[in-house]
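Inside the fold
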Amino acid sequence: VPSALRQFQGSLELAESVAPRSTVVSTNHNSLGLTYQAIGNLGDARRHFERALEIDSAIAPDSPLVAADLQNLGSLHQAAGDLREAIRCVTAAEDIQRRREPGSVALAITLDTLAQLHLEESDAAGAIRRAEEALAIFERLEGERSPDKAMCLEILGRAYEAHHDAAAAREALERSIDA
């Protein structure tokens, strides 16, 4: 990992010297953020994710890149145990994707992430709503068998279980095995 950090840092420095406010720079910040998050350095991860968001928002505030930056920040807040801030960030990503990429796999993945976050926050109804919408998109775009669909059904099953609907939970979990 230290060699990856050095490589990303070198790439970032080079990109900043050529085009300091470009998507190449923001991509490097996101790569560093993901690497720092993977090794548990959430402070440096946050600094890089926030810088990527700042750059991408200045370039195109309603872009898929901004949605991805918000997803990264949401993941970071989830790892730090701040579910409310994670939900806020991922919901902002969802808003962008609904405007820019409606019905897309990217939106479905975001909805699936929100379902997981709502489940972790003990909001089974919110989790079910998001997971069902994500599942409909996955089924339409990816067909009957896909890893995305299987993971979504697993979250949906756990959400139904938390909502005390054993029959629906069992059905979703059984369907996840076949996906």
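For the structure itself, look to the data block above.
Let me sum up the structure you'll find in this document.

What counts and how
- Every chain is numbered on its own, with residues counted from 1 as its sequence reads.
- Selection of residues for local features in this predicted model requires a pLDDT of at least 70, selection of side-chain atom pairs for listing and counting requires 80 or more, and totals for whole chains, interfaces and linings are taken over all residues.
- With hydrogens and water excluded, all non-hydrogen atoms of the structure serve as input to the side-chain values.
- What counts as a helix is a DSSP run of H or I of at least four residues, what counts as a strand is a run of E of at least two, and both are numbered from the N terminus.
- The classification of residues rests on relative accessible area computed with a 1.4 Å probe and restricted to protein chains. Under 20% of the type maximum is buried, over 50% is exposed, and intermediate values are partly exposed.
- Here the positive residues are Lys and Arg and the negative ones are Asp and Glu; neither His nor the chain ends is included.
- Note on charges: their place is set at NZ of Lys, CZ of Arg, CG of Asp or CD of Glu.
- Any pair of N or O atoms that falls within 3.5 Å is considered a polar contact. Within protein, one atom must be able to donate a hydrogen and the other to accept it, and sequence-neighbouring residues count only if both atoms are side-chain atoms.
- Residue contacts are defined here by distance: any two heavy atoms, one from each residue, within 4.5 Å place the two residues in contact.
- Only the contacting stretch of a helix is used when fitting its axis, a line to C-alpha atoms as for every element, and angles between N-to-C directions run 0 to 180 degrees.
- Note on terminology: angles under 35 degrees are roughly parallel, angles over 145 are roughly antiparallel, angles of 65 to 115 are roughly perpendicular, and the others are oblique.
- The handedness criterion is simple: a crossing whose near helix is rotated anticlockwise from the far helix by less than a right angle is left-handed, and one whose near helix is rotated clockwise is right-handed.
- Classification convention: Asp, Glu, Lys, Arg as charged; Ala, Val, Leu, Ile, Met, Phe, Trp, Tyr, Cys, Pro as nonpolar; all other residues, Gly among them, as polar.
- Here, nonpolar core refers to any group of buried Ala, Val, Leu, Ile, Met, Phe, Trp, Tyr and Cys residues whose side-chain atoms link them within 4.5 Å.
- Should a side-chain nitrogen of Lys or Arg be within 4 Å of a carboxyl oxygen of Asp or Glu, the pair is scored as a salt bridge.

**Describing the overall build of the protein chain**
Of the regular secondary structure elements, the protein chain holds nine helices and zero strands. Along the chain direction, N to C, the helices and strands of the protein chain fall in the order α-α-α-α-α-α-α-α-α. C-alpha extents for the protein chain along the principal axes are approximately 60 × 30 × 25 Å. Counting only residues that meet the buried cut, the protein chain has 44% of its 179 residues in that class. Of the charged side chains in the protein chain, 18 are positive and 29 negative, and the gap between their average positions amounts to 3 Å.

**Details of unusual backbone geometry**
With a phi angle near 65°, Ser122 is a residue other than glycine that sits in the positive phi range. Following the sequence through the fold, Ser122 ends up in the loop between helix 6 (105–120) and helix 7 (124–142). What makes Ser122 exposed here is its relative accessible area of 68%. In this structure, His164 is a non-glycine residue whose phi angle is positive, near 65°. Tracing the backbone shows His164 in the loop between helix 8 (147–162) and helix 9 (166–178).

**Observations regarding the side chain of His48**
As for its placement among the helices and strands, His48 is situated in helix 3 (residues 42–59). A polar side-chain atom of His48 sits 3.4 Å from a polar atom in the side chain of Arg47. What His48 contacts, discounting residues up to four positions off in sequence, is Gln9, Leu12, His29, Leu32, Gly33 and Tyr36.

**Here's the deal with the packing of helix 3 against helix 4 (residues 64–79)**
Interhelical geometry of helix 3 versus helix 4 gives an angle of 160° and a closest axis separation of 9 Å. The pairing of helix 3 with helix 4 is recorded here as roughly antiparallel in orientation. Considering how the two elements wind past one another, helix 3 and helix 4 form a crossing that is left-handed. Counted together, Leu42, Ala45, Arg46, Phe49, Glu50, Ala52, Leu53, Asp56 and Ser57 of helix 3 and Leu65, Val66, Asp69, Leu70, Asn72, Leu73, Leu76, His77 and Ala79 of helix 4 form the full contact between these two elements. Here the residues of the contact of helix 3 with helix 4 sort into eleven nonpolar, three polar and four charged.

**A look at the environment of Ile55**
Structurally, the position occupied by Ile55 is in helix 3. Given a relative accessible area of 0%, Ile55 falls into the buried group. With 31 residues separating them in the primary sequence, Ile55 and Val24 have C-alpha atoms 10.0 Å apart. Beyond its immediate chain neighbours, meaning those up to four positions away, Ile55 contacts Pro20, Arg21, Ser22, Val25, Ser26 and His29.

**A few points about the nonpolar core**
In a soluble, globular protein the nonpolar side chains are often hidden away together inside. If you look at the biggest cluster of nonpolar residues, it comprises 23 residues, and the most contacted ones within it are Ala134, Cys152, Leu153, Leu156 and Tyr160. Counting only elements with at least two residues in this core, the list comes to helix 6, helix 7, helix 8 and helix 9. Once residues lying within four places of it in the same chain are set aside, the contact partners of Ala134 are Ala108, Leu111, Asp112 and Cys152. Formed by 18 residues, the second largest nonpolar core is a distinct cluster that contains Leu12, Leu32, Tyr36 and Ile96.

**Observations regarding the pattern of salt bridges**
Under the definition given, this model contains 15 salt bridges. A salt bridge links Asp44 to Arg47; the shortest N-O distance between them is 3.4 Å. With a gap of three residues between them, Asp44 and Arg47 both fall in helix 3, about one helical turn apart. Residue Arg98 is joined to Glu94 by a salt bridge in which the shortest nitrogen-to-oxygen separation is 2.8 Å. Pair noted here: Arg98 and Glu94 are both in helix 5 (residues 83–100), with a separation of four residues, about one helical turn. Classification of Arg98 as partly exposed rests on a relative accessible area of 35%. One salt-bridge network, in which partners are shared between bridges, spans Glu94, Arg98, Arg130 and Glu133.

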